[in-house]
Amino acid sequence: MKLGVFAVLLGNKSLDEALDYLTKSGIQAVELGTGGYPGKAHVNPEELLKDEEKLNEFIKTIEKYKVTVSCLSVHGNPVHPQKEIAEKFHKDFENTVLLAEKLGIKLVTTFSGCPGDFEGAKYPNWVTCSWPEDFSEILKYQWNDVLIPYWKETVKFANEHGVEKIALEMHPGFCVYNPETLLKLREAVGPTIGANFDPSHLFWQGIDPVAAIRKLGSAIYHFHAKDTKIDFINCSVNGVLDTKHYGDEINRSWIFRSVGYGHDYAVWKDIVSALRMVGYDYVMSIEHEDSLMTPNEGLQKAISFLKEVMVFEEKGEMWWA
């Protein structure tokens, strides 16, 4: 496996400065934001697609530091019920695919998105229970009328331009938020759809990442290294569904943490071992969203921690086998 970073946490630096800092820190791969929620601090696909000179300069910068670009990330909600918002996210996705084609990158990561509850709705509606029956009807509309048709067309576009894998981050608030919903969309649309596996979003839902990894298997296309700390005092009173601001750490049921600050070495060693058992041998991309640490501190602690648990060498055999 390679140790990587979702480079948006260094958006205040130029690409050259960010890569210089990251490679000196022992990073081997970068995940680059190309629009949507991650923004375009280091990579603006629309600009690079129009300007061959800038594109070549970008390529030379990547080659200079000898890093792998693990994927282009354009997380957004392309099925947002407000058409102008959906169109902007979709346009960012299309430009990302076209840039990936020029760069020879086969993997793009994003979210599944979440529609509203009817044609003409203003805001997305994330359904979290099956009763009253209204919620079941909303799900039928979202999946059958919006989500599946959208991703069928979008996968077709991606494949036509050389992108073979679209890794959806299983994120609550969107229709794909756990292994079951990821596999549901994959079955409906095809194997281009896979997972950008981020255990931080699974921990607080009560999902065991190891069990989820074994369920998804070869459908895991990319991995985010991010942790979550469950506050058992608050969680015991209010449960895990928490709408308080992420900055209200002391009152929330859970918060995002740098790896090792939510779960210990044993948990993360089991995660890495499970990834190896299902054949994942790509990149563990550190994502920093720890509100108790600066980006530099959180990143450096994550790098140090993951170097202790990751498997870098080839899979071995028993000496007696």
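Trainee: Lay out helix α5 (residues 133-160) with the relevant residues and their values.
Mentor: The first and last C-alpha atoms of α5 sit 40 Å apart over 28 residues, in line with the 40 Å expected at 1.5 Å per residue. At Trp143, α5 shows its largest bend, some 35°. One or two steps after α5, the chain reaches Gly162, where phi turns positive at roughly 85°.

Trainee: Summarise the sheet that holds strand β4 (residues 107-110); cite the residues concerned and give the values.
Mentor: For sheets, the rule is that strands pair by backbone hydrogen bonds, running either parallel or antiparallel. What the eight strands build is a closed barrel, ordered β1-β2-β3-β4-β5-β6-β7-β10; its pairing is parallel. On average, each strand axis in the sheet is inclined to that of its neighbour by 30°, with strand direction left out of account. With four bridges joining them, β4 and strand β5 (residues 165-169) adopt parallel strand pairing. Looking across to β5, one finds that Leu107 is bridged to Lys165. Along the sheet, helix α10 (residues 265-277) makes contact with β7 (220-225) and β10 (283-286), crossing β7 at roughly 165°.

Trainee: Explain the pattern of salt bridges residue by residue, including any values.
Mentor: Tallied over the entire structure, the rule returns 15 salt bridges. For the salt bridge of Asp92 with Lys88, the shortest nitrogen-to-oxygen distance reads 3.8 Å. Within this pair, Asp92 and its partner Lys88 are both found in helix α4 (residues 83-103), separated by four residues, close to a single helical turn. Classification of Lys88 by relative accessible area gives exposed; the value is 55%.

Trainee: Talk me through the pairing of strand β1 (residues 2-6); I want residue IDs and the actual numbers.
Mentor: The two faces of a sheet get side chains in turn, since along a regular strand they alternate between them. In terms of residue burial, β1 counts as a mostly covered element, since four of its five residues are buried. Pairing geometry for β1 and β10, over four bridges, is parallel. Residue pairing in the sheet places Leu3 in a bridge with Met284 of β10. Here β1 pairs with strand β2 (residues 29-33) via three bridges, running parallel. Residue pairing for β2: Val5 is matched across the bridge by Val30. In this view, the connection linking β1 to its parallel neighbour β2 by way of helix α1 (residues 15-24) has right-handed handedness.

Trainee: How would you sum up the nonpolar core? Please name residues and give values.
Mentor: Within the largest apolar cluster, 80 residues are counted, with the highest numbers of intra-cluster contacts made by Leu32, Trp151, Trp268 and Leu306. The dominant element in this core, judged by the number of residues it contributes, is α5, at ten residues. Discounting chain neighbours no more than four positions away, the residues touching Trp151 are Pro78, Phe93, Thr110, Phe111, Ser112, Ile166, Leu168, Leu185, Val189 and Ile193. In terms of nonpolar packing, the next biggest core, distinct from the first, is built from five residues, Trp204, Cys235, Trp254 and Phe256 among them.

Trainee: Tell me about the packing of helix α3 (residues 52-65) against α4, and name the residues and values.
Mentor: A pair of packed helices is captured by two measures, namely the crossing angle of their axes and the spacing between those axes. As a packed pair, α3 and α4 sit with axes 12 Å apart at the nearest point and diverge in direction by 65°. For the element pair α3 and α4, the recorded crossing hand is right-handed. Residues Leu55, Phe58 and Ile59 of α3 form the contact with α4, whose participating residues are Leu99, Lys102 and Leu103. A per-class count over the contact of α3 with α4 returns five nonpolar, no polar and one charged.

Trainee: Quick one: what's the story with the pairing of β2, residue by residue and with numbers?
Mentor: Among the five residues that make up β2, five are buried, leaving the element largely enclosed by the rest of the structure. By the alternation rule, side chains of β2 split into Ala29, Glu31 and Gly33 and Val30 and Leu32, which are all buried. As paired strands, β2 and strand β3 (residues 68-73) are joined by five bridges and run parallel to one another. Within β3, the position partnered with Glu31 by the bridge is Cys71.

Trainee: Help me get a handle on helix α11 (residues 295-309), residues and values and all.
Mentor: If you check α11, its first and last C-alpha atoms are 21 Å apart, about what 15 residues at 1.5 Å a residue would give, namely 21 Å. Every buried residue belonging to α11 is among Gly298, Leu299, Ala302, Ile303, Phe305, Leu306 and Val309, and all of these are buried. Those residues of α11 hidden inside the fold are in contact with β1, α1, β7, α10 and β10.

Trainee: Give a detailed account of the packing of aromatic side chains, specifying residues and quantitative values.
Mentor: With the rule as written, the count across this model stands at 13 aromatic pairs. Within the aromatic cluster, the residues linked to one another by ring pairs are Tyr37, Phe89, Phe111 and Phe174. Just above the ring of Trp143 sits the side chain of Lys184; from NZ or CZ to the centre is 4.1 Å.

Trainee: A description of the environment of Gln28 should follow, citing residues and the corresponding values.
Mentor: Within the secondary structure layout, Gln28 lies in the loop between α1 and β2. Along the backbone, Gln28 and Met1 are 27 residues apart, and their C-alpha atoms lie at a distance of 9.7 Å. Side-chain polar atoms of Gln28 contact the backbone nitrogen of Leu3, separated by 2.7 Å.

Trainee: Could you give an account of the side chain of Arg257, naming the residues involved and the relevant values?
Mentor: One can find Arg257 in strand β9 (residues 254-257). Residue Arg257 is classed as buried on the basis of its relative accessible area of 11%. There is a polar contact of 2.7 Å between the side chain of Arg257 and the side chain of Asp290. When near neighbours in sequence (up to four residues on either side) are disregarded, Arg257 contacts Lys226, Asp227, Thr228, Lys229, Gly262, Asp290, Leu292 and Met293.

Rules used in this analysis
- Residues numbered from 1 in each chain as written.
- Predicted model: local features only at pLDDT ≥ 70, side-chain atom pairs only at ≥ 80, totals over all residues.
- Heavy atoms only, no water.
- Helix = DSSP H or I, 4+ residues; strand = E, 2+ residues; numbered from the N terminus.
- Expected span 1.5 Å × (residues − 1).
- Bend = angle between axes of the 7 residues up to and from the residue.
- Pairing = 2+ DSSP bridges.
- Axes fitted to C-alpha atoms, helices over the stretch in contact; angles between N-to-C directions.
- Contact = heavy atoms within 4.5 Å.
- Salt bridge = Lys/Arg side-chain N within 4 Å of Asp/Glu carboxyl O.
- Buried < 20%, exposed > 50% of the residue type's maximum accessible area, 1.4 Å probe, protein only.
- Right-handed = clockwise from strand over helix to strand, strands pointing away.
- Core = buried A, V, L, I, M, F, W, Y, C linked by side-chain atoms within 4.5 Å.
- Left-handed = near helix turned anticlockwise from the far one by under 90°.
- Nonpolar A, V, L, I, M, F, W, Y, C, P; charged D, E, K, R; others polar.
- Phe/Tyr/Trp six-rings, centres within 6.5 Å; stacked < 30°, edge-to-face > 60°.
- Lys NZ or Arg CZ within 6 Å of the ring centre and 35° of its normal.
- Polar contact = N/O pair within 3.5 Å; in protein donor to acceptor, adjacent residues only side chain to side chain.

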